[in-house]
Amino acid sequence: MFMWKRLTCVSIVFVLFISLLTGCHPANEVAFNIGGYDITSSEYMYWLIQANQEGRAKIDQEIDLLREKETEKQDALSAAEAELSDAENAEISQEGEESADTTAEVLSVDEAQKKVDKAEKEYNAAVELTQAYYTDDDEVNYIDRVIEKKKYSEWVKDRAVELVKNYAAIQHFLDEFDLELSSEDSQELESYIEYYWTGTAMKQLCEANGVSFNTFKKVFTVNYSRSLVFEYYYHEGGPKAVKNDEVVKAIHENFMTAQTLRASLYNEQGQRLADEEIESIRTAFNNYKTKFDNKEMSFDDIYVNYNGSSLLNSDKSSADDSKSDKEASAKDPYAVVYGPDGTSSENANYQQLLEMKIGESRIFETNDTLLFAIKTDIKSDPYYETAETTVDDAIIFLKSDEFTEHLKEESKTLSYKEFDFAVNRFKVKNIDYSDYDEVVAQAQSAQNSQ
């Protein structure tokens, strides 16, 4: 479950990185005892932060929808104003020419003005709804919002307690089933911890806000080990093991392969390529697509033309170096697996790729990448029915929601004690984003100066 672990690690660091709670408090103060496991105030702080981030994401989604409604109303207002302009021009034309054609379907000025007034009123109402989410300083006012009929702070605290219980449940299952990381996984874990602590400014941010390295390491380790519990339940021999035919069906219906040529729009120093260079890549990819569609070039021809060498009959295991566990037993060395969200093979273009026909080519562009893809038939290669990463991803796709719910239900069976004096000191309104904003501003400034 290498990729499950990596995805879990990334989510842990993402949440810790984006928001940190300030304030000093006694080290290792016990905030909860759940199932016999002490949860310190520092650990609770982490889960309060994650719950707050989830709450913010929900509010941000509401704002996005309101922004979309604003745009719709603004477009409607622009259309109404255009109709009013047409009506006024038609009226002027009719006044100046007695023989003017009056059969054209043009609103009267009064009718057009009424449409403008109505559209303007609706647009202003939409703007007002959106602005209600902001403070006078133009910052999103999360704390005064409501989520699922609960005040924001109440929802966040309830969610944090739920997450703390799940956290204890993972520790409980690790002990109950005697699950331990292998030496290889432990070494991998240490490298992840070291990288995220020192390589992403986590050390400075955490220490400045009361999250020690030991707390960070413990949270990271337990959540990294969550995959062991998942494997225990759903892999071969487990009490909830997924049948092979169900895995194969999930692979065939929800995953796909595509021959893929990828070009980064940034150089090795992290600087964005010049517009002329990016346009040159676009031109090359468009030419490749045209020649492939006209059967003038195979994908191997395209790959050789772009990279200088072929992967056919070579010792290389994959056209995509990021697929580290892809083996030579796959029939097509150029094929890359694309899967749904939550899996190691997730991709922003997944839905569009899923809708493509076998053999169809398409070019995708994001802010940092150009991608030329030719969809292939994943069913044509039995390799993917047993490939470890693809099978793991299929099981994650099938059972991750069920597993999350299982943890939630099992956590309710554990003994629970909350120490108010340690918990109540933490207020959602005191969660401080200032350090994060400063780091983001510095990063953006550095990128803009490149």
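Throughout this description, residue numbers start from 1 for each chain and increase along the sequence as written. In keeping with the predicted nature of the model, local features appear solely for residues at pLDDT of at least 70, side-chain atom pairs appear and are counted solely at 80 or more, and the whole-chain, interface and lining totals rest on all residues. Hydrogens and water molecules were not included; the side-chain quantities draw on all heavy atoms of the structure.

J.: Describe in detail the overall build of the chain, supporting the description with residues and values.
T.: Helix and strand assignments come from DSSP, with helices taken as H or I runs of at least 4 residues and strands as E runs of at least 2, each series counted from the N terminus. Secondary structure assignment for the chain yields 15 helices and eleven strands. We call two residues contacting when some pair of their heavy atoms lies within 4.5 Å. Long-range pairs, those at least 24 residues apart, make up 73% of the contacts in the chain between residues at least 6 apart in sequence. Surface accessibility follows the Shrake-Rupley procedure with a 1.4 Å probe radius. Residue values consider only the protein chains on display as shielding. Carbon and sulfur atoms provide 46% of the accessible area of the chain, an area that totals close to 24,800 Å².

J.: Requested: an account of the nonpolar core, with residues and values cited.
T.: Only buried Ala, Val, Leu, Ile, Met, Phe, Trp, Tyr and Cys residues count toward a nonpolar core, and they belong to the same one when joined by side-chain atoms within 4.5 Å. Summary of the burial criterion: residues with accessible area below 20% of their type's maximum are buried, those above 50% are exposed, and those between are partly exposed, where the area comes from a 1.4 Å probe applied to protein chains only. Counting 75 residues, the largest nonpolar core has Phe 32, Tyr 44 and Leu 48 as the members making the most contacts within it. For this core, the element with the highest residue contribution is helix H4 (residues 152-176), accounting for 13 residues.

J.: Could you give me a rundown of the pairing of strand S3 (residues 37-40), with the residues and numbers involved?
T.: As paired strands, strand S2 (residues 30-34) and S3 are joined by four bridges and run antiparallel to one another. Looking across to S3, one finds that Val 30 is bridged to Thr 40. Strand pairing is assigned whenever DSSP identifies at least 2 bridges connecting the two strands.

J.: For a negative patch on the surface, give the residues involved together with the corresponding values.
T.: Each patch groups residues whose relative accessible area exceeds 30% and which form no salt bridge, using 9 Å between like charges and 5 Å between nonpolar side chains of Val, Leu, Ile, Met, Phe, Trp and Tyr. In the sections that follow, a salt bridge refers to a side-chain nitrogen of Lys or Arg positioned within 4 Å of a carboxyl oxygen of Asp or Glu. Charged-residue counts in this description rest on Lys and Arg as positive and Asp and Glu as negative, His and the chain ends being excluded. For this purpose, a charge sits on NZ of Lys, CZ of Arg, CG of Asp or CD of Glu. There is a patch of like negative charges on the surface, built from Asp 136, Asp 137, Asp 138, Glu 139 and Asp 437. Mapped onto the elements of the fold, Glu 139 is located in the loop between helix H3 (109-131) and strand S4 (146-147).

J.: Report on the sheet that holds S2, specifying residues and quantitative values.
T.: Read across the sheet, three strands follow the order S3-S2-S10 without closing on themselves; strand pairing throughout is antiparallel. Strands at the two margins of the open sheet, each flanked by one partner only, are S3 and strand S10 (416-418). The average angle at which neighbouring strand axes cross in this sheet is 20 degrees, direction not considered. Pairing of S2 with S10 involves three bridges; the strand directions are antiparallel. Note that in S10 the partner of Ile 34 across the bridge is Tyr 416. Packing against the sheet, H4 makes contact with S2, S3 and S10, and its axis sits at approximately 140 degrees to S3. Helix axes are fitted only over the stretch in contact, all axes being lines through C-alpha atoms; the angle between N-to-C directions runs from 0 to 180 degrees.

J.: Provide a residue-level description of the packing of aromatic side chains, including the pertinent values.
T.: Pairing of aromatic rings covers Phe, Tyr and the six-membered ring of Trp, with a centre-to-centre limit of 6.5 Å; geometry is then stacked below 30 degrees between planes, edge-to-face above 60, and tilted otherwise. Tallying each qualifying case throughout the model produces 31 aromatic pairs. Each ring, one from Tyr 192 and one from Tyr 224, has its centre 6.2 Å from the other, and the planes form 55 degrees; the classification is tilted. In this pair, Tyr 192 sits in helix H5 (residues 183-198) while Tyr 224 sits in helix H7 (residues 213-224), placing the two residues 32 residues apart along the sequence. Where Phe 285 meets Tyr 306, the ring centres are 5.6 Å apart and the plane angle is 75 degrees; that geometry is what we call edge-to-face. One end of the pair, Phe 285, is in helix H10 (residues 275-293); the other, Tyr 306, is in helix H11 (residues 299-307), and 21 residues separate them in sequence. The class for Phe 285 is buried, based on a relative accessible area of 0%. A network of ring pairs unites the aromatic residues Phe 173, Phe 177, Phe 230, Tyr 232, Tyr 233, Tyr 234 and Phe 403 as a single cluster.

J.: Would you mind going over the pattern of salt bridges in detail, with residue names and values included?
T.: Applying the stated criterion across every chain yields a total of 20 salt bridges. Ionic pairing is found between Glu 72 and Lys 69, a salt bridge with its closest N-O pair at 3.5 Å. Placement of both Glu 72 and Lys 69 in helix H2 (residues 41-96) is noted, with a separation of three residues, approximately one turn of the helix. With relative accessibility at 47%, the residue Glu 72 sits in the partly exposed group. Within this structure, Glu 54, Arg 159, Glu 162 and Lys 408 form a network of salt bridges that share partners.

J.: Describe unusual backbone geometry, with residues and values.
T.: Backbone geometry places Asp 138, a non-glycine residue, at a positive phi of 65 degrees. When you line up the elements, Asp 138 lands in the loop between H3 and S4. Positive phi is not limited to glycine here, since Lys 149 has a value of about 65 degrees. Following the sequence through the fold, Lys 149 ends up in the loop between S4 and strand S5 (150-151). Judged by relative accessible area, which is 85%, Lys 149 ranks as exposed.

So yeah, pure geometry; function would need other evidence.
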